[in-house]
Structures are given as structure tokens and as C-alpha cells.
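# Descriptive structure summary
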Amino acid sequence: MSARPSEAPPANPIPQTNVDELIAQYDEELPQRTLTRRLDLGVGIVCFVVSLYVLKQVFFPLTQGNQYYLMWFLAFVLPLVFICYRPGFGRKSDVADQALDVAEAVDSDVAAGSDVGAGSGAAADSTAKPRRKTKRRSNDNPSIIDWVLVVLTFLTCAYPVLPFFSGGFNEFLNRQGSLTTLDVIMGGVLLLLVLEATRRTTGLILPIFCIVFFLYSYYGAYIPVSWPGSHAGQNFDQIVNALYNDASGFYGIPLDVAATYIVLFTIYGAVLDKTGAASFFIDLSFSLFKKSKAAPGRTVALSGFLLGTVSGSGTATAVSLGAVTWPVLKKAGYPKENAGGMLAASGIGAILSPPTLGAAAFIIAELLNVSYGLVLLWAVVPTLLYYLGIFLAIEIDSRKIEVDYTPPPGLRAWPILKRGFYHFISLSIIVVFLSMGMAPFKAVVYATLVGIGFGIIEIVISRLGEPKTILLAIWDVFYGALSSGIRSVLPVTSVCAAAGIIVSTITKTGLGQVISDILIKGAQALSTDPTAVLIFTCIFAAVAVTILGLAVPVTASFIISWVIVGPALISLGVPEAAAAMFIFYYAVLSEVSPPTALAAVASSAITGGRVIATMWQACKYAIPAFLVPLAFTFTPEGASLVAQGGFVGAVWTGLVSAFAVAALAAGAGGWIIRRAGWPERILCFIAAGALLYLQPMSMMIGFSALILAVIVHLLLRRKPTTTSATTSDIGSTETHSTGSPVESN
């Protein structure tokens, strides 16, 4: 390991301030306040102390049990939401101004950095259009009402464990089912505060879902008995008891996962960020592919996979990646929409891929009572298929667009690898320790300590003779990572506490089974054949999960879908692992699914491309992820893709599915050996669908269609066309909204 080499970076990146603003604007969580320095320091200190409390729980758990720990965790974390997040009322004009400012800033910064490969630090043209000045609030600190909510939130969260209010934790639990009036009041107030915290961090949709489920629980007795979903109803005391005193409410599996798994992996990601892992991964990716014309696209895909260990958000990964790689993609000749779709698909791939996956993966492990390492194993083959599809799509685009890429001089893999190899060591520690049976929360803590240790060593080596600078940098890695890790988990904590309301309602009323029966009956109305019923149910489920994911964050979408859709799939014979991964995939894919597609919208803000066209390009790159989950639910053989059929089963189904993914890429991209016409593309789509069914007859049909597509392609011998974007591409058009040709600069 050595100090940072002096090679020229691959691009002039967009400034980090603009990147952070874009992430805040388009991520599934809403942006935080800009606090004054003193208050920001105070919040950071509280977050740092909370992170130490979380780390202590890993090695020295509280003797009172896990629910006691969760009550204190929520009491520490939830009040911070009202300090760090705005109420959101009356700020529409400010948000609009900020969005316009960010768009203008990104545009000018990319223009200033368009001379890629000549080194960094190029100044913007002095004649560039000045940025518009907007009126800003001088103080974004919490109001008096916010501080009242902070105190009230702490009191209601800590009430069950404070002896001078509730009689203490044990006394509070002994009153389960017979709460006192004060218990009910405190629980009811906490219910309102959780809904408000969720509204501030994620918007209105999830709180509305929670209110609907609450009303269903309360007014269930008024639903006619002959209607599906009718139940005896619960009074307010019973609902509060289930949420506040029972382990299935606020303190259920969602919050447990957030407080024991997600928060630790968030801290680990913050450590990687503070020690420069993001820039290392991107530089290494550029150096590995520097001799290929498709190097910019390949770098995006590989960097997106590696950056997933730093950021658990597909949107954040896409924006962070685009800030560095878009100038390179632009100079190489990629149209804005193609580049934006590539960034969005690569960002989503980070959530779908081991060794970190998304937050919902930890919930899968808890719900199915399996190790997190086993969940990682289930994701291996689907991940390989996903990145096979992305790399094939990138290769096709590089040939159709005729990418013209010259790597920057002096960018060598070995010096870069020597500088940051320790990032791979910390990642490897997680995988090795999980394979040895260690609990994931311990494995990630050890990996975090290793990351901090190597980061400190690099700081010392690179800043020899600067003791003050060394101490400040070390403190930033240690203190900054721990405090920012807790800050990053604030929205997830709110979402998981709110999800507990929905899970509790479904558990107490049996609504999940009712909706599952409706799904199956809907499929049976179309066909009585058991195979057809399963196929239709899976398709209905995929659509339902995707639509739900458009409205609520990924974690909440998975939790709600699991308790509603999961029983339907399992009752039709789908293995639990396959059903869970099926729901996980479609919950995540909402970030690239039109009409919202947050990752694609954020990427289009980076590239300046048209939003809808960028969404369709993202779908083109991510198309294997939309179809492969159907493969491991349609047939028992397909379940082998998620390691349900042994090693041999995973190998042969993976190979057949790889041909299906290749056929999908050829059909979607319109390229086999050269540009392909619609006859070959239709045959490729037929081949992909038949191969993914993974039955002997369907595989024969699939391979026959694929071979026929190649033969037709060779016989037709079309003339090659040189253009930067074509109408045959999914989501592409010939002109911008202004009517001008697509750029190929």
C-alpha cells in the first residue's frame, strides 16, 4: 500500500456538493436540513454516541433482552428525524428553486469537464452563463414545534423502560393485553409521531398506507361477513397494545433488522466512503478496461457493482457513479439517454448483488430464519445473469454507437490496486466470516475495524511529516464514519417502525391470507390448469409488487409484499427462498420501472437526457432482472437458480438462463453479429421466454428459435449503419424534444 499515485484521473468529476443535492432530490428518502454548524456538531456527537451503543450491543448485549435494546434504539434515533428533516409544508418554491439550481450547476460543471483525460482541475469558461441567484432561507434549523416533537418522541419511545413513568420494562411487559390509560395515551402519541417521522423522510404514501391499515383494523367489524377480509375488529386499546407492547408492532422484525443489521452495514459503508473506496473502485475499473472501446460502459457496470458496498441505495450509486463517468461517456459518444439508462441499471445492480445486497435482504434472513450468508448464496446466480445482461447490452451499444474512446495516459491498474487493495480485504472478511457461520452483525463490525485500520495506515503513509493533518484525517474517518452512518439510517428506522404497523395489522386480522386467496382466485378465473394458475399468479404478483414499489421505499415494499403476496406463492408450491427473492427483485426494480424510476430520473439529471427515454434505456439494460425472477418461480427446476436444487442444478439452469439472457440482450439491443432486424429480434425474444421456463420441451423450442435467429441473421446480411442512436433501440428516438439530431460527441 502506498500513497496516491499521480496518474491523471479518468474524468473531471462533477463537484460533490452537486452530487449530494441530486441524491437528496431524487432518492427515495427526502433531503435533510442544512443545520447551523453548532447544531450540526451536536447532532453528529449524538449520532456518534448512538453508534457506540449499537457496537456495544454486538459484543455485550443488554441482559434485559432484544426488545429492551430496540426501545432505547428507537428513543435515541427517532427524535433525530425531527431535527434533521423538515416538516415539508410551504417549501415548494424553495424545492423548485433548488432543483433548477442543481440542474444548472451540473450542466455547467459537465461542460467545464468535457475535456476528459487531460487531467483534473480544468476551469470553467469565463464566458459561461452565470448561475441564477435564488432567495435562500438564512436558517434551516428546527422550529420550536420541532423541538417539542423531539422531546415528546423521546419520552414516548423511552416510556416503557423508564421506571419513574411506566414502572420499568418488566412491569410494562406484564401489562400486555391490559394497558393502563397512560400506556394507551403514550402508545397513541408514538403512533402519530412515527407516521409524521415517516412522512418527513419518505413522503405521504407510506403513512397513508399505515392509516388505511389502521382503519381496517379498527372498523373490521363493520365489513359485511360475506365479504372477504371481514373480521371482528379491534378497539383502540387492542391496536395500541399490539403496536406498543407486542413484539410484532413497532419493535417487530423490521425495526430489529434496522437496529442490528442495517445500521452496522451503513456504518461500514460510511467507513468505506471516508477511506476513499468509491474513487478507488472507479479508478480501478477504468484501468482494467482501458484498452477496450467499450471501456467506459464496462467501467460503469463494474464500478456500480463495487460501489454498492459503499451505498445501499440504487439512486445514490447511480448519481455518484454518473458524476465521475458521465464526462467520459459523453466524450466517447454515448447518447445522453443510453448513458443515463446504463447508470441507473448499474446502480440497481449494486442492490441486487452480494456481498451487501439491499436492506430487504437482511429482512429475508430474519423472516425465513436462515443465515444472511445463505441469502447471499441465493443471490449469486441471479447476480451473474444480471451482469451478463448488462455487459452484453454495453457491448452491443458500443458497436451500434461506434464508441470512440481513448484512455487517459498513465492510468495503470497495479499502482491503483496497491493503493487501495485493503478495501477488498474488508469485503472478503465479511464473506469469509459469514461462510464460517459467524453472525453478520459481528462479521461487518470486524470488517469495519479492518477498514478503519487500513484507512489510518494509508493516511499516515500519505501524510508523513504532517502530524496535525494526520490526526484530523484519522478523526474524520473514525468519528465521521460512525456519526454519518447513524444519520443515514434515520429514514430506514422510520420506515421500519411504520412497516410494523402494517405487519401487525395483517398478522392480527389475517388480511395477508385473504389477499393471497384473491390473487389465486383471480388466476383461477383465467384458467383451471395448475401450471397456468401458477404462471398467472406470479405475473399478477410481479405487477403488484412493482406498482407498490413505485409508491413506497424498497424496504417497506418488500415487507408489505411478503405478508400479502408471499403466502399466495408458497401455497402454490413455490419454495420460500424463491418466493422471497422474487419479491425482493421486483421491490428493488421499482427504482428503474416507469413511470417513476427514481434511479433513471436522477441519472437523466446528470446527463441532461430526456427522462422517459432514459427510463426505457434503463429497462433495456436491466431486462434480465425483470424476467429471471419469473424463471425461479414458474418451475421447480427454476428454483435451482436460487440454490434450491444443489450445485449441479444451479450450474445447468444458470447456463441455460445465460443463453436466455444473451437472447434477451440481442432482441432488446437489435444486434447479433451486426445490426439485427425484427425477424431475428422476435425469434430472440421467443427463445429467451422458452429457455427461461427451464422445461425439456421449452428448452428445445428456445434453442431452436435462437439457432434460427442466428441463421436468419447470417442470411439476410444487412448493411451496417453508423449512427449514435436508432429507432430500433428500446426507448431510443432519433431526435430530442427540440427536434435536433441526437448528439454523438
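Notes on the structure follow. Only a predicted model underlies this, so the values are computations on that prediction, with no experimental measurement involved.

Conventions and cut-offs
- Residues numbered from 1 in each chain as written.
- Predicted model: local features only at pLDDT ≥ 70, side-chain atom pairs only at ≥ 80, totals over all residues.
- Heavy atoms only, no water.
- Helix = DSSP H or I, 4+ residues; strand = E, 2+ residues; numbered from the N terminus.
- Salt bridge = Lys/Arg side-chain N within 4 Å of Asp/Glu carboxyl O.
- Buried < 20%, exposed > 50% of the residue type's maximum accessible area, 1.4 Å probe, protein only.
- Axes fitted to C-alpha atoms, helices over the stretch in contact; angles between N-to-C directions.
- Parallel < 35°, antiparallel > 145°, perpendicular 65-115°, else oblique.
- Left-handed = near helix turned anticlockwise from the far one by under 90°.
- Contact = heavy atoms within 4.5 Å.
- Nonpolar A, V, L, I, M, F, W, Y, C, P; charged D, E, K, R; others polar.
- Core = buried A, V, L, I, M, F, W, Y, C linked by side-chain atoms within 4.5 Å.
- Phe/Tyr/Trp six-rings, centres within 6.5 Å; stacked < 30°, edge-to-face > 60°.
- Lys NZ or Arg CZ within 6 Å of the ring centre and 35° of its normal.
- Patch = residues over 30% accessible without salt bridge, like charges linked within 9 Å, V, L, I, M, F, W, Y side chains within 5 Å.
- Areas by Shrake-Rupley, 256 points an atom, 1.4 Å probe, with all protein chains shown as cover.
- Expected span 1.5 Å × (residues − 1).
- Disulfide = S-S within 2.5 Å.

## Thoughts on the environment of S279
For S279, the location among the structural elements is in helix α12 (residues 277-288). Note: C-alpha distance between S279 and S303 (24 residues apart in sequence) is 9.5 Å.

## Let's talk about the pattern of salt bridges
Applying the stated criterion to the full structure yields 13 salt bridges. Note that E196 is salt-bridged to R200, the shortest N-O span being 2.8 Å. Placement of the pair is E196 and R200 together in helix α8 (residues 181-202), with a separation of 4 residues, close to one helical turn. The burial state of E196 is the same as that of R200; both residues are buried. E337 is paired through a salt bridge with R610; the nearest N and O atoms lie 2.9 Å apart. Within this pair, whereas E337 is found in helix α15 (residues 336-352), its partner R610 is found in the loop between α28 (598-607) and α29 (611-634), the two being separated by 273 residues in sequence. What makes E337 buried here is its relative accessible area of 3%. In this structure, a network of salt bridges that share partners links the residues R33, D146, E196, R199 and R200.

## Some thoughts on the packing of helix α3 (residues 66-84) against α8
At their nearest, the axes of α3 and α8 sit 10 Å apart, and the two run at 50° to each other. By the angle between their directions, the pair α3 and α8 is classed as oblique. Handedness of the crossing formed by α3 with α8: left-handed. Of α8, the residues touching α3 (which contributes L78, V81 and F82) are L190, L193, V194, E196, A197, R200 and T201. Its residues placed into classes, the contact of α3 with α8 shows 7 nonpolar, 1 polar and 2 charged.

## Re the nonpolar core
Proteins that are soluble and globular tend to have nonpolar side chains buried together. One finds F582 and F584 to be the most contacted residues of the largest nonpolar core, which totals 209 residues. For this core, the element with the highest residue contribution is α3, accounting for 15 residues. Apart from residues lying up to four places away in sequence, F584 is in contact with I351, L352, L357, G358, A360, A361, I364 and F558. Residues A666, L683, A687 and A688 belong to the second largest nonpolar core, which totals 11 residues.

## Section: the packing of aromatic side chains
With the rule as written, the count across this model stands at 39 aromatic pairs. Centre to centre, the rings of Y68 and F169 are 5.2 Å apart; their planes meet at 75°, and the pair counts as edge-to-face. Here the residue Y68 occupies a position in helix α3, and F169 occupies one in helix α7 (residues 169-174), the gap between them amounting to 101 residues. For Y68, a relative accessible area of 14% corresponds to the buried category. Taken together, the ring pairs in this structure connect Y53, Y69, W72, F73, F76 and F154 into an aromatic cluster. The ring of Y621 carries K620 above its face, with NZ or CZ at 4.7 Å from the centroid.

## Observations regarding a nonpolar patch on the surface
On the surface, I211, L215, Y218, Y219, Y222 and F236 cluster together into a nonpolar patch covering about 620 Å² of accessible area. For the nonpolar patch, the leading source of residues is helix α9 (residues 205-218), giving 3 residues. Relative to the assigned elements, Y219 resides in the loop between α9 and α10 (236-244).

## Thoughts on helix α19 (residues 422-435)
Taking 1.5 Å as the rise per residue, α19 with 14 residues should run 20 Å; its terminal C-alpha atoms sit 20 Å apart, in good agreement. Where α19 is concerned, the buried positions are Y422, H423, S426, L427, I429, I430 and L434. Against the buried residues of α19 lie α11 (253-274), α12, α17 (372-400), α18 (413-420) and α20 (440-462). Phi for G437, located one or two positions after α19, is positive at around 90°.

## Examining the state of the cysteines
Throughout the structure, instances matching the rule amount to 0 disulfides. Free cysteine: C47, not disulfide-bonded; nearest cysteine sulfur from C84 at 6.1 Å. Of the residues examined, C47 reaches a relative accessible area of 0% and is grouped as buried.

## As for the side chain of T156
Relative to the assigned elements, T156 resides in helix α5 (residues 144-158). A residue is classified by how much of its surface remains accessible, and T156, at 1% relative accessible area, is buried. Setting aside chain neighbours within four positions, we find T156 in contact with M186, V189, L190, L193 and Y244.

## As for unusual backbone geometry
Positive phi is not limited to glycine here, since N369 has a value of about 55°. You can see N369 is positioned in the loop between α16 (359-368) and α17. In this structure N369 comes out as exposed when scored by relative accessible area, which is 70%. Phi is positive for A643, close to 60°, though the residue is something other than glycine. Tracing the backbone through its elements, the reader meets A643 in the loop between α29 and α30 (646-669).

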